[in-house]
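Close look at the chain arrangement
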Amino acid sequence: MPNGYWIARISVTDPERYDAYKQALPMLVERFGGRFLVFGGRMDAVEGEAKPRNVVIAFDDYETARACWQSPEYAEVAKLRAGAAEVDVIIVEGVGS
């Protein structure tokens, strides 16, 4: 069965506020069976525009990835990020692991 993924590209504008989001997110992701594959780290923008921070989170399937994003719990966590970063996020279905 294909996995579901959150792929986020982020420019942090308020590191202190963003840190609160960064601390709260892993517990929520784990409740939905998600696991971080990429969380920051080195990168090389080889084509197109890039943001300085990239995150990839894998879930067991696309439906679970969407359910986590749409959950009331994530809505609360997302409030911690409001005004602290410019973020692009997509949820995609991908290859199973």
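Residues numbered from 1 in each chain as written. Predicted model: local features only at pLDDT ≥ 70, side-chain atom pairs only at ≥ 80, totals over all residues. Heavy atoms only, no water.

Comments concerning the overall build of the protein chain
Helix and strand counts for the protein chain stand at three helices and four strands. The order of α-helices and β-strands along the protein chain, N terminus first, is β-α-β-β-α-α-β. A compact globule built from 97 residues would reach a C-alpha radius of gyration of about 13 Å, and the protein chain, at 13 Å, matches this within 12%. Structurally, the protein chain occupies a C-alpha span of about 35 × 35 × 15 Å along its principal axes. Contacts spanning at least 24 positions in sequence make up 79% of the contacts within the protein chain whose residues lie at least 6 apart. If you sum the accessible surface of the protein chain, you get close to 6100 Å²; carbon and sulfur atoms cover 52% of it. Considering the protein chain, the positive charge centre built from 11 side chains and the negative charge centre built from 15 side chains are found 3 Å apart. (Helix = DSSP H or I, 4+ residues; strand = E, 2+ residues; numbered from the N terminus. Rg over C-alpha atoms; globule rule 2.2 N^0.38 Å. Contact = heavy atoms within 4.5 Å. Areas by Shrake-Rupley, 256 points an atom, 1.4 Å probe, with all protein chains shown as cover. Lys, Arg positive; Asp, Glu negative; His and termini not counted. Charge placed at Lys NZ, Arg CZ, Asp CG, Glu CD.)

Side note on the side chain of Ser-71
Within the fold, Ser-71 resides in the loop between helix 2 (62-70) and helix 3 (72-81). Excluding residues that lie within four positions of it along the chain, Ser-71 makes contacts with Leu-28 and Phe-32.

Quick notes on the pairing of strand 3 (residues 53-59)
By the criterion of burial, strand 3 is predominantly enclosed, with six of the seven residues buried. Pairing analysis gives seven bridges linking strand 1 (residues 3-12) to strand 3, with the strands arranged antiparallel. Looking at the pairing, Ala-8 lines up with Val-55 of strand 3. (Buried < 20%, exposed > 50% of the residue type's maximum accessible area, 1.4 Å probe, protein only. Pairing = 2+ DSSP bridges.)

Some remarks on the pattern of salt bridges
Side chains that differ in sign of charge can pair as their charged atoms come close. Evaluation of the coordinates by the stated rule reveals five salt bridges. A salt bridge links Asp-88 to Arg-9, with the nearest nitrogen and oxygen atoms 3.2 Å apart. Of this pair, Asp-88 sits in strand 4 (residues 85-94) while Arg-9 sits in strand 1, and the two are 79 residues apart along the sequence. Since its relative accessible area comes to 35%, Asp-88 is described here as partly exposed. (Salt bridge = Lys/Arg side-chain N within 4 Å of Asp/Glu carboxyl O.)

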